[in-house]
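Summary of structural features
Below, each chain spelled out in residue letters.
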Amino acid sequence: MKRVSDVVIVPTDLEEKLDFNQEIPHTVHLKLFGTEDIVPLHYSETIEILLCDQLDGTLVIDGKSYRLFGHQVFVIPPLIVHANHIKAGPGRMFVIKVSLENLAHFIDIPAILQYRGLTVSRLAHTGPVYTEIEPIVRHLIEHDDDIFARMTALIDLFALLCRHTTDADDALESVSRLKSSFLKAVITWTLAHHPEPISLTDVTHQVGYSKSHFCHLFKELTHMTWTEYLHSVRISAACRYLQDGMTVSQAGERSGFNNLSHFIRIFRQNRGMTPKAYRQQHAVDQ
């Protein structure tokens, strides 16, 4: 994995697991949208900064939906659940991911924030100005081989981010952590079992909630039902299989659909085309 790349990293695991280390404590990726981009709910141990340039779609961060337009900056602290649905178009997105643990070999960002009476979790999801952040990202890209320039850019980046924080008190943060823990448990379990014939009863039994309470809480946090979420996970998996050249029936079965007609119907609802048409557009061997 390179620090700077135009290769788009699509989570193959809803908990993004990228190989950060001391040599690669951060990455910068340029993401283009020649086709519709739908990434189901997932989370990461890194902090993620998104620079959105003329995108059309929505971004969900910690249960709140944001409409994409013009020039925007979003900040996603570690372990915060998020997702996106971005339409095909000429827009682009710079994705900056920072592993604070590995960056600490050079700069201890949490310690600096603590000195200011802040924590990473209190960085606001919105607020930073695009025109202030974009030159710093350009600097990270252009001076990737200069460690002093890179570290200076990262210091400047977090100096801007910490000007935009939330005022949540400890009690609210505690409730947020409990809800986040519930959601991550559901995401992790669904990811691990989505190829299997699982049901709402199975997942509620796993997390120890009644069906009514589970459905209410999941809808509150994600603005979708668990079944809709399961479909999004399975369709995302099917898209990867179709891109790899699998047949429609193979992709449907591998991603968890035991009925071909049902798979085609759900795929069309999620992607606006049949799996066969998607395969023709995206398969690597086409």
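Going by the structure above, here's the rest.
As a starting point, this report considers the structure included with it.

Conventions adopted
Residues numbered from 1 in each chain as written. Predicted model: local features only at pLDDT ≥ 70, side-chain atom pairs only at ≥ 80, totals over all residues. Heavy atoms only, no water. Pairing = 2+ DSSP bridges. Helix = DSSP H or I, 4+ residues; strand = E, 2+ residues; numbered from the N terminus. Contact = heavy atoms within 4.5 Å. Axes fitted to C-alpha atoms, helices over the stretch in contact; angles between N-to-C directions. Core = buried A, V, L, I, M, F, W, Y, C linked by side-chain atoms within 4.5 Å. Buried < 20%, exposed > 50% of the residue type's maximum accessible area, 1.4 Å probe, protein only. Parallel < 35°, antiparallel > 145°, perpendicular 65-115°, else oblique. Left-handed = near helix turned anticlockwise from the far one by under 90°. Nonpolar A, V, L, I, M, F, W, Y, C, P; charged D, E, K, R; others polar. Polar contact = N/O pair within 3.5 Å; in protein donor to acceptor, adjacent residues only side chain to side chain. Expected span 1.5 Å × (residues − 1). Phe/Tyr/Trp six-rings, centres within 6.5 Å; stacked < 30°, edge-to-face > 60°. Lys NZ or Arg CZ within 6 Å of the ring centre and 35° of its normal.

What about the sheet that holds strand β10 (residues 89-98)?
Sheet strands line up and pair through hydrogen bonds in the backbone, either parallel or antiparallel. The strand order across the open sheet built from five strands is β1-β3-β10-β5-β8, with neighbouring strands paired in mixed fashion. Of all the strands in the sheet, just β1 (4-5) and β8 (71-76) have a single pairing partner and so form its edges. Contacts from helix α3 (residues 130-142) reach β1, β3 (26-33), β5 (47-53), β8 and β10, with the element oriented near 110° to β5.

Side note on the nonpolar core
Core analysis: the largest hydrophobic core is formed by 30 residues, its most contacted members being Ile47, Leu51, Ile96, Val98, Ile133 and Leu161. Contributions of two or more residues to this core are made by β5, β8, β10, α1 (100-103), α2 (109-115), α3 and α4 (147-161). At seven residues, the largest contribution of residues to this core is made by α4. In contact with Leu161, not counting residues within four places along its chain, are Ile49, Val75, Leu123, Pro128 and Ile133.

Considerations on the pairing of strand β7 (residues 64-68)
Judged from the five bridges that link them, strand β6 (residues 57-61) and β7 form a sheet pairing that is antiparallel. By the bridge assignment, Leu59 is partnered in β7 with Tyr66. Here β6 folds back onto β7, and the loop between the two strands holds two residues, one of which, Asp62, carries a positive phi near 55°.

Here's the deal with the packing of helix α8 (residues 226-243) against helix α9 (residues 248-255)
The geometry of α8 relative to α9 is characterised by a closest axis approach of 8 Å and an angle of 140° between their N-to-C directions. In this view, α8 runs oblique relative to α9, as classed from their interaxial angle. For the pair α8 and α9, the crossing hand works out as right-handed. Contacts between α8 and α9 involve Arg234, Ala237, Ala238, Tyr241 and Leu242 on the former and, on the latter, Val248, Ala251, Arg254 and Ser255. For the contact of α8 with α9, the per-class residue count stands at six nonpolar, one polar and two charged.

A short note on the environment of Glu36
Mapped onto the fold, Glu36 is located in the loop between β3 and β4 (37-44). Residues Glu36 and Ile86, 50 residues apart in the sequence, show an inter-C-alpha distance of 5.8 Å. One polar contact links Glu36 to His85, side chain to side chain, over a distance of 2.7 Å.

A short note on the pairing of strand β9 (residues 82-86)
Within β9, four of the five residues are buried, which leaves it mostly tucked inside the rest of the structure. Here four bridges tie β4 to β9, and the two strands are oriented antiparallel to one another. Looking at β9, one finds that Ile38 is bridged to His85. Sheet analysis places β6 next to β9, joined by five bridges and oriented antiparallel. Considered in β9, the bridge of Ile61 is made with His82.

A look at helix α7 (residues 211-222)
Given a rise of 1.5 Å per residue, 12 residues ought to cover 16 Å, and the 16 Å separating the end C-alpha atoms of α7 matches this to within 8%. Directly beyond the C-terminal end of α7, a positive phi value near 60° is found at His223.

Focus on the packing of aromatic side chains
Applying the stated rule across the entire model yields eight aromatic pairs. On the numbers, 5.1 Å between centres and 40° between planes, the contact of Phe257 with Phe263 is tilted. Since its relative accessible area comes to 5%, Phe257 is described here as buried. Among the residues examined, Phe263 registers a relative accessible area of 0% and is labelled buried. Here the aromatic rings of Phe267 and Tyr278 are separated by 5.5 Å at their centres, their planes lie at 70°, and the arrangement is edge-to-face. You can see Phe267 sitting in helix α10 (residues 260-271) and its partner Tyr278 sitting in helix α11 (residues 275-282), a full 11 residues away along the chain. As far as the burial class goes, Phe267 and Tyr278 line up, both buried. Site record: aromatic cluster; members linked through ring pairs are Phe182, Tyr209, Phe214, Phe218 and Tyr229. Lys184 extends its terminal NZ or CZ atom over the ring of Tyr43, reaching a point 5.7 Å from the ring centre.

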